[in-house]
Amino acid sequence: MSAVQRRLARFNRTFANRFVGPVLTRMPGFGAVLHVGRKSGRVYRTPVKVFKRDGNYVMSLPYGPQSDWVRNTLAGGGCELHTRGKLIRLDQPHVFTDPQQSVVPAPLRPLLRRFKAFDFIELRPVDADRSTTAPVRP
């Protein structure tokens, strides 16, 4: 991650996410990931750009797969996604690189290319009958 990306990530985490996050969860293509801290056990909320693919949810990782929310999601085996007024439990996280950005709608590819966002995480919705883990939030 470049120095500019680190500064932007820090600014977003400290300020922008608190103000923009609640609005974005209502807009198409956006959501907020609820994840549990690996060390603190605290629940965190991180705004994300989200796409659907074959019934799964894919999120772009403009700050890379080493972002805290990605590491927390991987360590916890999943997360919850708040999008379009719904709360969806997700599991089976899988991080992958897609230089062609084939999982992204064509009109958004130039923007994500500009941010060098070629990394993604894909998660599967949890079916109520196969759920064995507790939800992120009580």
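See the structure printed just above.
Residues numbered from 1 in each chain as written. Predicted model: local features only at pLDDT ≥ 70, side-chain atom pairs only at ≥ 80, totals over all residues. Heavy atoms only, no water.

A. Fine view of the side chain of histidine 35. Note on placement: histidine 35 falls in strand E1 (residues 30-36). Within the local environment of histidine 35, its side chain forms a polar contact with the side chain of threonine 46, the two groups lying 2.9 Å apart. (Helix = DSSP H or I, 4+ residues; strand = E, 2+ residues; numbered from the N terminus. Polar contact = N/O pair within 3.5 Å; in protein donor to acceptor, adjacent residues only side chain to side chain.)

B. Looking closely at the sheet that holds strand E6 (residues 119-125). With antiparallel pairing, the six strands of this closed barrel are ordered in space as E1-E2-E3-E6-E5-E4. The average angle at which neighbouring strand axes cross in this sheet is 45°, direction not considered. When strand E4 (residues 78-83) meets strand E5 (residues 86-97), the two strands line up antiparallel, connected through six bridges. From the neighbouring strand, histidine 82 faces E5, where its bridge partner is leucine 87. With respect to the sheet, helix H2 (residues 68-76) is in contact with E1, strand E2 (43-53), strand E3 (56-60), E4, E5 and E6, its orientation differing from that of E1 by roughly 60°. (Pairing = 2+ DSSP bridges. Axes fitted to C-alpha atoms, helices over the stretch in contact; angles between N-to-C directions. Contact = heavy atoms within 4.5 Å.)

C. Representation of the pattern of salt bridges. Applying the stated criterion across every chain yields a total of two salt bridges. For the salt bridge of aspartate 68 with arginine 38, the shortest nitrogen-to-oxygen distance reads 3.6 Å. Of this pair, aspartate 68 sits in helix H2 while arginine 38 sits in the loop between E1 and E2; the two residues are 30 residues apart in sequence, bridging distant segments of the chain. (Salt bridge = Lys/Arg side-chain N within 4 Å of Asp/Glu carboxyl O.)

D. Summary view of H2. Along H2, the residues classified as buried are Trp69, Val70, Asn72 and Thr73. An end-on view of H2 places all buried positions within 165° of arc, on one side of the element. The inward-facing, buried residues of H2 contact E1, E2, E3, E4, E5 and E6. (Buried < 20%, exposed > 50% of the residue type's maximum accessible area, 1.4 Å probe, protein only. Arc of directions from axis to C-beta.)

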